Amino acid sequence: MKAVQIALVLSALVAITFAANSTWGTKLSSSKLAGTQNVTIHKKANVFQEATVSFPLSGQTNTKVIRFINVTDRFTNSSGPYSTLWSGGPGYTFATINVKSQLSQGINVTVQFWTDV
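Values in this document were obtained by computation on a predicted structure and should not be read as measured data.

### Here we look at the sheet that holds strand β6 (residues 95-100)
Link 1 in the chain: Read from one edge to the other, the open sheet built from three strands follows the order β3-β6-β5, with strand pairing classed as antiparallel. In this open sheet, the two edge strands, each paired with only one partner strand, are β3 (50-55) and β5 (82-88). On average, each strand axis in the sheet is tilted by 20° relative to the strand beside it, whichever way the strands run.
Link 2 in the chain: Note: β5 against β6, six bridges, orientation antiparallel. Directly across from Y82, in β6, lies its bridge partner K100.

Right under this line is the structure:
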């Protein structure tokens, strides 16, 4: 019985480790979608792919405070990337997110930025 419990805990940890969706902040019913960016990078053998997503885009401005950021993995086989909020984010008017693939895998994510009204 103890072995079954350990196996369940280990499989849960593996599932969390390879989770590719990320969120920061809290989306309210009054939050407005301020921007969406799709990032697609094809896989290469023995290479980690990496992309930086910035909001607002270069040449644009944003005066609204970011409330919620959602990074959604569009791969369906658990081979998706992991995301790290490098700067800004909820409570700021800007955000920079780094998206890094697993080894020999690509990136296919949608990033949504929600702001206060």
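So that's the structure; there's more coming.
### What to know about the confidence of the model for the chain
Link 1 in the chain: The predicted model of the chain has a mean per-residue pLDDT of 87, with 85% of residues at 70 or higher.
Link 2 in the chain: Within the model, the stretch residues 11-17 combines pLDDT values under 50 with zero contacts to residues more than four positions away or in other chains.

### Some points on the packing of aromatic side chains
Link 1 in the chain: Throughout the structure, instances matching the rule amount to two aromatic pairs.
Link 2 in the chain: Between F55 and F113, the aromatic rings sit 4.6 Å apart at their centres with planes inclined by 15°, giving stacked as the arrangement. Of this pair, F55 sits in strand β3 while F113 sits in strand β7 (residues 107-115), and the two are 58 residues apart along the sequence. Taken individually, F55 and F113 each receive the classification buried, so the pair is uniform in this respect.
Link 3 in the chain: Here the guanidinium or amino end of K27 rests over the ring plane of W114, the centre of that ring lying 4.1 Å away.
Link 4 in the chain: Lying over the aromatic face of F48, K100 brings its terminal NZ or CZ to 5.0 Å of the ring centre.

### Observations concerning the pairing of strand β4 (residues 66-73)
Link 1 in the chain: A large share of β4 lies buried, amounting to six of its eight residues.
Link 2 in the chain: The pairing of strand β1 (residues 22-25) with β4 spans four bridges and is antiparallel. Pairing of S22 across the sheet is with V71, part of β4.
Link 3 in the chain: Sheet topology places β4 next to β7; seven bridges connect them, and they run antiparallel. Bridging across to β7, D73 finds its partner in V109.

Here is what the cut-offs are and how they apply
- Residues numbered from 1 in each chain as written.
- Predicted model: local features only at pLDDT ≥ 70, side-chain atom pairs only at ≥ 80, totals over all residues.
- Heavy atoms only, no water.
- Pairing = 2+ DSSP bridges.
- Helix = DSSP H or I, 4+ residues; strand = E, 2+ residues; numbered from the N terminus.
- Axes fitted to C-alpha atoms, helices over the stretch in contact; angles between N-to-C directions.
- pLDDT = per-residue confidence, 0-100.
- Contact = heavy atoms within 4.5 Å.
- Phe/Tyr/Trp six-rings, centres within 6.5 Å; stacked < 30°, edge-to-face > 60°.
- Buried < 20%, exposed > 50% of the residue type's maximum accessible area, 1.4 Å probe, protein only.
- Lys NZ or Arg CZ within 6 Å of the ring centre and 35° of its normal.

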